[in-house]
Amino acid sequence: MAIELLTTDQISRFKRDGYLVLPGVLDADLCRRARDQLWEIAGEHLPRMKRDDPATWGPITEEESARLAEGRPEGGGDAYFSGRGQRFFVRNGGEELLLDLAPRALWEVAEQLLGQGTVVWPAGLDATGTATGPAFMCDDAVGGLVSHVGHAMGYPTEGTFRTEPALRLPATGPLWLNGQGTRGLYCTLPGSPPPAPGYPGAHSDGACYGRIRLQVSAYIDDLPPGCGGFTVWPGSHARIWPEQWEAFRAGEKHTDKHLAVRRAGGYSDPVIGRIKDDTGPVDCHGPAGTVVLWHTKILHMAGLNLSTDVIRQATIYGFLKTPESLPDPLVVDPTDGGIWRDWSAEVREAA
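Values in this document were obtained by computation on a predicted structure and should not be read as measured data.

A. Region of the structure containing the overall build of the protein. From N to C terminus, the protein includes 10 helices and 12 strands. Along the longest, intermediate and shortest principal axes, the C-alpha atoms of the protein span 55 × 45 × 45 Å. Taken across its 351 residues, the protein has 55% of its residues classed as buried. Long-range pairs, those at least 24 residues apart, make up 80% of the contacts in the protein between residues at least 6 apart in sequence.

Right, dumping it as structure tokens:
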């Protein structure tokens, strides 16, 4: 089911705020099937958690977390089901159900925002359980391969800053790197502890260089306010973007963890501190099938689930620009066009 294209007003709001909430737009039957699958998987891997008994939805213990981590495939990739504390994850992002539910349903909207014929199609897994697609191999991407795949598999040990045209990834690997799958299901259990002062978990995704410009968070179940919704700082994308590019041009990389102060760090940039001081966060909630569109550089975090009987159930996907529409030299060149250079004419011309 395709989603209606955005209006001129919606595009203008997205451009100004860096995010846009589309309430209940996804197919209700696909959402129901995704919920059913989630509970089937949870019943297999964490049977003490019962669908009809919120009293069993307590935090995942260290012992449970360690046991679940043992399910990591020998061929590389994350464990299919894992978690710690208030969060658990299902790495089913390359499966047809989740692809049809969100990224494919939003395909025409993505092309409306990023440009016709300029977006990598989420093909998912082939018959061997492998996902193949283009990936820009910066340090950030290489780090993702190491942490999520689990071993080298012939990948470079540091960023080449060139495109790998056919990066092959296992079914539970970081499929967001080559655009072939969502991140799976990201779930937040009830009773989140209050945030530490200053929202230290708030961040801006990835490096400023790369091909992901537009991301989506899609809720497969009803999500009332205060139940762990995607949380954003409106307008922060337009402030973070130039600061991180200036840092990169001065020689700093997103992965330079040895620096005491990083302007392109993603969590603690000085500009992020200023945004937290002068801008309040917004909790993006809504009924099942709600989608949050967001600029990849917006300051955000997973919200706090203050409920006693709701599990935040969401999938996240980043639409990739194709190498043909955004060649390698332009991926690392911030000098021509600013934050909206790689978007559609419709976006660039919006108020």
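B. Here's a closer look at the sheet that holds strand 10 (residues 291-295). Ordered in space as 1-10-7-12-6-3-2, the 7 strands form an open sheet in which the pairing is antiparallel. Strand pairing shows two members of the sheet lacking a second neighbour, strand 1 (19-22) and strand 2 (81-84), which therefore form its edges. The average undirected angle you get between the axes of adjacent strands in this sheet is 20 degrees. Looking at chain direction, strand 1 and strand 10 are connected through 4 bridges and run antiparallel. Each residue of the ladder has a partner; that of Tyr19, found in strand 10, is Trp294. Packed on one face of the sheet, helix 1 (residues 8-17) meets strand 1, strand 7 (212-219) and strand 10 and runs near 135 degrees to strand 1. Sheet strands touched by helix 5 (residues 107-114): strand 7, strand 10 and strand 12 (312-320). Its angle to strand 7, the strand with the most contacts, is close to 150 degrees.

C. Structural view of the packing of aromatic side chains. If you walk through the whole model with that rule in mind, you get 17 aromatic pairs. Measuring from centroid to centroid gives 5.7 Å for Trp39 and Trp57, while their planes differ by 35 degrees, and the two rings are tilted. Taken together, the positions of Trp39 in helix 2 (residues 28-45) and Trp57 in the loop between helix 2 and helix 3 (62-69) put the pair 18 residues apart, joining distant regions of the chain. Trp39 gets classed as buried once you look at its relative accessible area, which sits at 13%. Joined through ring pairs, the aromatic side chains of Phe136, Phe161, Tyr209, Trp241, Trp245 and Phe248 make up one cluster.

D. How the structure looks around the environment of Arg239. Structurally, Arg239 is set in helix 7 (residues 237-249). Look past the residues within four positions of Arg239 in its chain and what remains in contact with it is Val271, Arg274, Ile275, Asp278 and Thr279.

E. Highlighting the packing of helix 7 against helix 8 (residues 270-278). Remark: helix 7 packs on helix 8, axes separated minimally by 10 Å, with the N-to-C direction vectors making an angle of 165 degrees. By the angle between their directions, the pair helix 7 and helix 8 is classed as roughly antiparallel. The element helix 7 and its partner helix 8 pack so that their crossing is right-handed. Residue-level contacts link Arg239, Ile240 and Glu243 of helix 7 to Val271, Ile272, Arg274, Ile275 and Asp278 of helix 8. Of the residues in the contact of helix 7 with helix 8, the class split is 4 nonpolar, no polar and 4 charged.

F. Examining the environment of Leu326 more closely. Inspection of the secondary structure assignment puts Leu326 in the loop between strand 12 and helix 9 (328-331). With 115 residues separating them along the chain, Leu326 and Arg211 place their C-alpha atoms 7.3 Å apart. Among residues more than four places away in sequence, those in contact with Leu326 are Gly210, Arg211, Arg213, Lys321, Val331, Arg341 and Asp342.

G. View of the sheet that holds strand 11 (residues 300-302). Read from one edge to the other, the open sheet built from 3 strands follows the order 9-8-11, with strand pairing classed as antiparallel. Looking at the sheet topology across the chains shown, the edges are occupied by strand 9 (282-284) and strand 11. Neighbour to neighbour, the strand axes of the sheet diverge by 25 degrees on average, direction disregarded. Inspection of the sheet shows strand 8 (residues 230-232) paired to strand 9 by 3 bridges, in the antiparallel sense. In the strand pairing of strand 9, Thr231 is matched with Asp283.

Scoring rules and cut-offs
Residues numbered from 1 in each chain as written. Predicted model: local features only at pLDDT ≥ 70, side-chain atom pairs only at ≥ 80, totals over all residues. Heavy atoms only, no water. Helix = DSSP H or I, 4+ residues; strand = E, 2+ residues; numbered from the N terminus. Buried < 20%, exposed > 50% of the residue type's maximum accessible area, 1.4 Å probe, protein only. Contact = heavy atoms within 4.5 Å. Pairing = 2+ DSSP bridges. Axes fitted to C-alpha atoms, helices over the stretch in contact; angles between N-to-C directions. Phe/Tyr/Trp six-rings, centres within 6.5 Å; stacked < 30°, edge-to-face > 60°. Parallel < 35°, antiparallel > 145°, perpendicular 65-115°, else oblique. Left-handed = near helix turned anticlockwise from the far one by under 90°. Nonpolar A, V, L, I, M, F, W, Y, C, P; charged D, E, K, R; others polar.

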